[in-house]
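Breakdown of the fold
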Amino acid sequence: MEHPQLSLSLPLLGYLRPAPDPRRNSCWLLGCETLDRDFADFQQYKAYLPALGIPLLRLQAGWAKTEKTPGTYDFQWLDTIVDDAGELGLQCLLETDYGNPVYPGGGDPSLAGGFPTSTEALEAWDRWVRALALHFRGRVQEWAMWNEPDIVRGRTPEEIVEFNIRTARILRDALPPEAKISGLSLAHSGEQFFQECLWALKDRKGDDLFDSYTYHGYKYNPDAAADAGLRLKKILADNQVRGTLRQGENGCPSEKTVKFALKDHPWTEFTQAKWDLRRFLRDYCDGVQSCVFTICDFNHIGREINRKGLLMADEQHRVLRPKMAYDAIRHLTTVFNDQWERQIGRGAIRKDTEACLYTFAHRESRMPLLAFWDRSQTPTDQTRPEEADILLRNTPLPPRPVLLDLLSGRVFAFPREKAHPLGECLLLEKVPCTDSPLLLGDASSFPLAP
C-alpha cells in the first residue's frame, strides 16, 4: 500500500534495515490485549511479533474465561499464548482482571465491570489469583493489577489501593521473589488522583509490594500525554515511593472512530504513525518504560473495531496487512534500545513553533545521536518540513552525518556546510523539522538495507 512521505530535499543514501533486538529493548512493551474476551485472535498475528523486537507482551489473564464453572480452572487458552510467545523468544505480562458473573457480586468481564463486591466473589477472586500465579510460576515474570479501575464512576483511590494490595499480597506469596508486579493500572493521568493513590499505599504499608506504577492517559497531542507522565514521575519521586513509573497503554487510531479514546478526529495511517513515534520516543527520552497499544485492531463486540492496531484486521479478527505504524515502530525499536544514554543539557532548538530536541551518546562508541520534532500540535497529514536551528554544546557533528526519517526508514546525507562553530558550541542551520521525529547521527548508527 502506498503511503505519504515527508518531503526531504537531501541526498538519499538508502533505507534503514529493520533489525531490532528484543534482548536489548527492555524499554518497550507491546499490547496483545482483549484475548480474554475473544475480541482478537493471537494466532492471526503472532507471526508479526518478532519483527518488532519488543520483548514483553501485555495480556489480560481473564478470570471469567478461565473459571466458567465455580472452582474449575481451565488455563489452556492462556497456556497456548504464553507458550507460543516463549517459542518466539518473548515474555508475557499478565494483568489480573476482569469480573466473573458465575459468582453473585462477581461483576462481568467488561472493561467497566467493576471489582467483585460480595464476600463470595472476593473469596473466589482470591482463589483464582492464587491459582493463576501458581500455574504460571516460573513462566511469567511480570504481573499487573486490574486494568483501568478508575473509569468506574465514583471509584476512590482508597478502594483501588485496597484491591491492589489484596491482589498483590496473594501474588507475592505464590510467586518467586524475582517476580515483578506493577500497581494501579490507571486509565487517567490526573495528578491529584495519582497522589492520593500513593498516599493510600503508604498509609496501608503496601508500597513495598510493587516494582512499578502504571498509567495510561490519552491525549490528541502525544507530547501532552508524555508531559503528564513526567509530572506523575515527579510525584512518585517526591513521595519517595519505591518503584518506577510505567506507561502501560497508549496508541492512536488509523481512521476516524466514534468510540474509544481519541475519537471524532480525522486520523489517517500517516498521522497514526506520527503519533505513535512521538508518543513512544518521548517515553524513551524521558526514561519511562512504554507500552505500544496495540499490535492488532480488535473488534469490541457491541461497540466498534478499535483501530489503534499496528496491524489492520477485519470483524472476523483476520489480519489484512501491516499499517504504516507497524514499520515506523520497527524503525524506532531498531535504533533506540538499551545501548543509548541520554545527554542532558547538551543542546537547544529554535523554531517558529514549539519543538523539542533530545541528545544521546552510544554507551560503547560514545557516538552522538539527536532526535527532534515539532511538538506544537496534534500530528497532521502535512508532508513538507519547516526549518529549525540547533545549537549543540559538547556534542560534535558525527564523522559521517546522516538524517533518518523514522516514518519511512529513509536515510539521507546531512550537508556538513549546515554546521558552523559558534564559540564553544556548534550551530546546525536550517535543519528540516516536522511533526514526526527525525534523527541526526552517524551512518554507523543506522544499519542500511543492502
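As a reminder, the structure under discussion sits directly above these lines.
Our subject in this report is the structure included herewith. Computed from a predicted structure; not experimentally measured.

**Structural notes on the nonpolar core**
- By size, the foremost hydrophobic cluster in this structure holds 134 residues, and its most contacted members are Y45, W143, F194, F336, F372 and L428.
- Here the element with the most residues in this core is helix α4 (residues 119-136); it accounts for 10 residues.
- Those residues in contact with L428, other than ones at most four positions away along the chain, are L370, A388, D389, I390, L392, L397, K418, A419 and L440.

**Quick word on the pairing of strand β18 (residues 386-393)**
- Both strand β15 (residues 347-350) and β18 contribute to a ladder of 4 bridges, which runs antiparallel. Along β18, the bridge assignment pairs R350 with D389.
- Judged from the 7 bridges that link them, β18 and strand β22 (residues 425-433) form a sheet pairing that is antiparallel. Considered in β22, the bridge of A388 is made with V431.

**As for the sheet that holds strand β14 (residues 340-343)**
- The 7 strands lie next to each other as β1-β20-β19-β23-β17-β16-β14, forming an open sheet whose pairing is antiparallel. The two strands at the open ends of the sheet, each matched to only one other strand, are β1 (12-15) and β14. The average undirected angle you get between the axes of adjacent strands in this sheet is 25 degrees.
- Direction of pairing for strand β19 (residues 401-405) relative to strand β20 (residues 410-413): antiparallel, over a ladder of 3 bridges. Each bridged residue has a counterpart across the sheet, and for V402 the counterpart in β20 is A413.

**Here's the deal with the side chain of D223**
- Turning to its location among the elements, D223 is positioned in helix α7 (residues 222-238).
- Relative accessible area serves as the criterion here: at 0%, D223 is assigned to the buried category.
- Side-chain polar atoms of D223 contact the side chain of R282, separated by 3.2 Å.
- Leave out the neighbours within four places in its chain, and D223 touches R278, R282, C356, W373 and R375.

**Some points on α4**
- The terminal C-alpha atoms of α4 lie 26 Å apart, and with 18 residues this matches the ideal 26 Å at 1.5 Å per residue to within 8%.
- Of the residues making up α4, those classed as buried are A121, L122, A124, W125, D126, W128, V129, A131, L132, A133 and F136.
- Next to the buried residues of α4 lie α2 (63-66), α3 (76-87), β4 (91-95), β5 (142-144) and α5 (157-174).
- Looking one or two places after α4, you find G138, whose phi comes out positive at around 85 degrees.

**Quick notes on the sheet that holds β15**
- With antiparallel pairing, the 4 strands of this open sheet are ordered in space as β15-β18-β22-β21. Whereas interior strands pair on both sides, the edge strands pair on one side only; in this sheet they are β15 and β21 (419-422). Across this sheet, the average inter-strand angle for adjacent strands is 25 degrees, counted without regard to direction.
- Two elements, β21 and β22, share 4 bridges in a ladder whose sense is antiparallel. Across the sheet, residue H420 finds its bridge partner in β22, namely L427.

**What about the environment of T333?**
- Following the sequence through the fold, T333 ends up in helix α9 (residues 324-335).
- We classify T333 as buried; its relative accessible area is 1%.
- In this structure the C-alpha to C-alpha distance between T333 and G251, which are 82 residues apart in sequence, comes to 16 Å.
- In this view, T333 contacts P20, N25, W28, L52 and I54; residues no more than four positions away in its chain are not counted.

Cut-offs used in this document
Note on numbering: residues in each chain are counted from 1, in written sequence order. The predicted nature of this model means local features are confined to residues of pLDDT at least 70 and side-chain atom pairs, given and counted, to a pLDDT of 80 or more, with totals for whole chains, interfaces and linings taken over all residues. Hydrogens and water are ignored here; the side-chain numbers use all heavy atoms of the structure. Think of a nonpolar core as a cluster: buried Ala, Val, Leu, Ile, Met, Phe, Trp, Tyr and Cys residues, connected wherever their side-chain atoms sit within 4.5 Å. Think of it in three bands: with a 1.4 Å probe and only protein chains considered, a residue is buried below 20% of the maximum accessible area for its type, exposed above 50%, and partly exposed in between. Each helix corresponds to a stretch of at least 4 residues labelled H or I by DSSP, and each strand to a stretch of at least 2 residues labelled E; elements are numbered beginning at the N terminus. Should any heavy atoms of two residues lie within 4.5 Å, those residues are counted as being in contact. Each pair of strands is called paired provided DSSP finds at least two bridges between the two strands. Between N-to-C directions, angles cover 0 to 180 degrees, with each direction set by a line fitted to C-alpha atoms, over the stretch in contact for helices. Residues adjacent in sequence count toward polar contacts only when both atoms are side-chain atoms; beyond that, a polar contact is any pair of N or O atoms within 3.5 Å, and within protein one must be able to donate a hydrogen and the other to accept it. Expected span of a helix: the number of residues minus one, times 1.5 Å.

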